[in-house]
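Observations on the model geometry
Spelled out from the first residue to the last, the chains are:
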Amino acid sequence: MSGPVTRFKSPVRFVFDVPAGPTVSRFLAAVAEGRLFGQRCPTCAKVYVPPKVACPRCGDPLSPEQLPVKETGTVTSFCVVNVPYEGQTMKLPYVYASILLDGADIPFPHLVDAEPADVRMGLRVRATWSDALGPTLESIRAFVPTGEPDAPFDAYKEHL
Amino acid sequence: MSDVMRAPYVLEYGYRRSTGPVIGQFLTALRDGRLVGGKTARGRVIVPPTEYDPETGDAVDELVPVGDAGVVTTWTWVAEPAPGQPLARPFAWALVKLDGADTAMLHAVDAGEPSRMKTGMRVRARFRAERSGTILDLEAFLPEQAS
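Residues numbered from 1 in each chain as written. Chains lettered and ligands numbered in written order. Predicted model: local features only at pLDDT ≥ 70, side-chain atom pairs only at ≥ 80, totals over all residues. Heavy atoms only, no water.

Looking at the overall build of chain B
- Looking only at helices and strands, one finds one helix and ten strands in chain B.
- Walking chain B from its N terminus toward its C terminus, one meets helices and strands in the order β-β-α-β-β-β-β-β-β-β-β.
- C-alpha extents for chain B along the principal axes are approximately 70 × 40 × 30 Å.
- Here chain B, with 147 residues, has 37% of them falling under the buried criterion.
- Sequence-distant contacts in chain B: of pairs separated by 6 or more residues, those separated by 24 or more amount to 53%.
- Mean positive and mean negative side-chain charge positions of chain B (17 and 19 charges, respectively) differ by 3 Å. (Helix = DSSP H or I, 4+ residues; strand = E, 2+ residues; numbered from the N terminus. Buried < 20%, exposed > 50% of the residue type's maximum accessible area, 1.4 Å probe, protein only. Contact = heavy atoms within 4.5 Å. Lys, Arg positive; Asp, Glu negative; His and termini not counted. Charge placed at Lys NZ, Arg CZ, Asp CG, Glu CD.)

Set out below in structure tokens:
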């Protein structure tokens, strides 16, 4: 290298140590066993998956009871990721979607393993688990289409 | 199961910056094992060089060689270096006014212990064997009597 220097690397790096808190820790421990659950707000009766400490709408602590939820659900919204970025582990293009599990009232984001052109609002999907379970939502490898008819818009319009 | 889990979360931006013409020449010289400063219209020599004279705002386009040794004008001791700092062992951050320069530059002084640091002491640059065009091509300054 002998030409003039015109650029240099100047990375900025923040390393955080994040405590999950007892509520999310209990949920992640269940995920490590291949199990999902939700918790219900005693006031508005909405079921949150993953559970939170308190209902974001009512502010009340969620009931401690662990409610089973299904591993099937509905795509309420999605995006097709076409832009590469450093550290990316997925092959482009891939689909990142909001998924409303059956029995839950709030969708959470995860991958949909399907052709991007085949993904749509209302698509019915099922969780497929990774071979290596751990206390992370990466234990769910991705959601795959079930082949059922699409959920009607009215079935999830309150959960967008 | 009531244990609270913890996990590392790393947020990193891999910026690459363009140097501009003046700092580019400074880093090019560093890569070649030399130190240069910018000479202003009033004859002051600024190290590292800036694109504009901080006193008048005029462009600085003349680069001149400066010495690879100089005087510590102020310093502070780093007892526990953080990741990414120039040295992994305790060192001093110091402002060093190089011979031939009118301003001081910030860099590390590898003095071993704070008792060897003194304002006014002379230090000499130690360059890395492998250089790539960054400020850390100058690995650190060393107290002159020890270099």
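Resuming the write-up.
Describing the sheet that holds strand 3 (residues 37-40) of chain A
Residue and element names in this part refer to chain A.
- Taken in spatial order, the three strands of this open sheet run 4-3-5, and their pairing is antiparallel. What marks the edges here is a single partner per strand, and that holds for strand 4 (47-48) and strand 5 (67-68).
- As paired elements, strand 3 and strand 5 share two bridges and run antiparallel to each other. Bridging across to strand 5, G38 finds its partner in L67. (Pairing = 2+ DSSP bridges.)

Considering the pattern of salt bridges
Residues and elements named next belong to chain A.
- What the rule picks out here adds up to 19 salt bridges over all chains.
- As a salt-bridge pair, E33 and R35 come within 3.7 Å of each other at their nearest N and O atoms.
- Taking the shortest distance from any N to any O, the salt bridge between E148 and R124 comes out at 3.3 Å. Of this pair, E148 sits in the loop between strand 10 (140-145) and helix 2 (153-156) while R124 sits in strand 9 (residues 124-129), and the two are 24 residues apart along the sequence.
- Since its relative accessible area comes to 37%, E148 is described here as partly exposed. (Salt bridge = Lys/Arg side-chain N within 4 Å of Asp/Glu carboxyl O.)

Some remarks on the confidence of the model for chain A
- When pLDDT is averaged along chain A, the result is 94; 99% of the residues meet or exceed 70.
- Within chain A, strand 1 (residues 7-9) of chain A has the poorest average pLDDT of any element, 91, and strand 9 of chain A the best, 98. (pLDDT = per-residue confidence, 0-100.)

Digging into helix 1 (residues 21-31) of chain A
- Among the eleven residues of helix 1 of chain A, eight are classified as buried, and the element is accordingly described as predominantly covered.
- Buried within helix 1 of chain A are the following residues: G21(A), T23(A), S25(A), F27(A), L28(A), A29(A), A30(A) and V31(A).

Focus: the interface of chain A and chain B
- Taken together, the contact between chain A and chain B spans 27 residues of the former and 24 residues of the latter.
- For the chain A and chain B pair, buried surface summed over both sides reaches about 2400 Å², with 55% attributable to carbon and sulfur atoms.
- Per-residue buried area on chain A facing chain B is highest for V5(A), R7(A) and F8(A); these three make up 25% of the total on that side.
- Counting every contact that joins chain A to chain B gives two salt bridges.
- In this structure, the salt-bridge partner of R13(A) is E12(B), at a minimum N-O distance of 2.8 Å.
- Our enumeration of links across chain A and chain B arrives at 14 residue pairs in polar contact (both at pLDDT 80 or more).
- If you list the elements that add at least two residues to the side of chain A that touches chain B, you get strand 1, strand 2 (12-19) and helix 1 of chain A. (Buried area = accessible area lost by both parts, 1.4 Å probe. Polar contact = N/O pair within 3.5 Å; in protein donor to acceptor, adjacent residues only side chain to side chain.)

Quick notes on the nonpolar core
- Judged by nonpolar contacts, the single largest core of 27 residues is most densely connected at L35(B), L98(B) and V109(B).
- Residues within four places of L98(B) in sequence aside, it is in contact with L35(B), V47(B), V66(B), G67(B), D68(B), A69(B), G70(B), T103(B), M105(B) and F141(B).
- V31(A), V49(A), A97(A) and L101(A) belong to the second largest nonpolar core, which has 26 residues in total. (Core = buried A, V, L, I, M, F, W, Y, C linked by side-chain atoms within 4.5 Å.)

Digging into unusual backbone geometry
Residue and element names in this part refer to chain A.
- With an omega of -5 degrees, the peptide bond between V49 and P50 qualifies as cis.
- Relative to the assigned elements, P50 resides in the loop between strand 4 and strand 5.
- Cis geometry marks the peptide bond from L92 to P93, where omega comes out at -15 degrees.
- In this fold, P93 is placed in the loop between strand 6 (72-81) and strand 7 (94-101).
- The phi dihedral of A45 falls on the positive side, at around 70 degrees, and the residue is not glycine.
- By the element assignment, A45 lies in the loop between strand 3 and strand 4.
- On the accessibility criterion, A45 (36% relative accessible area) is partly exposed.

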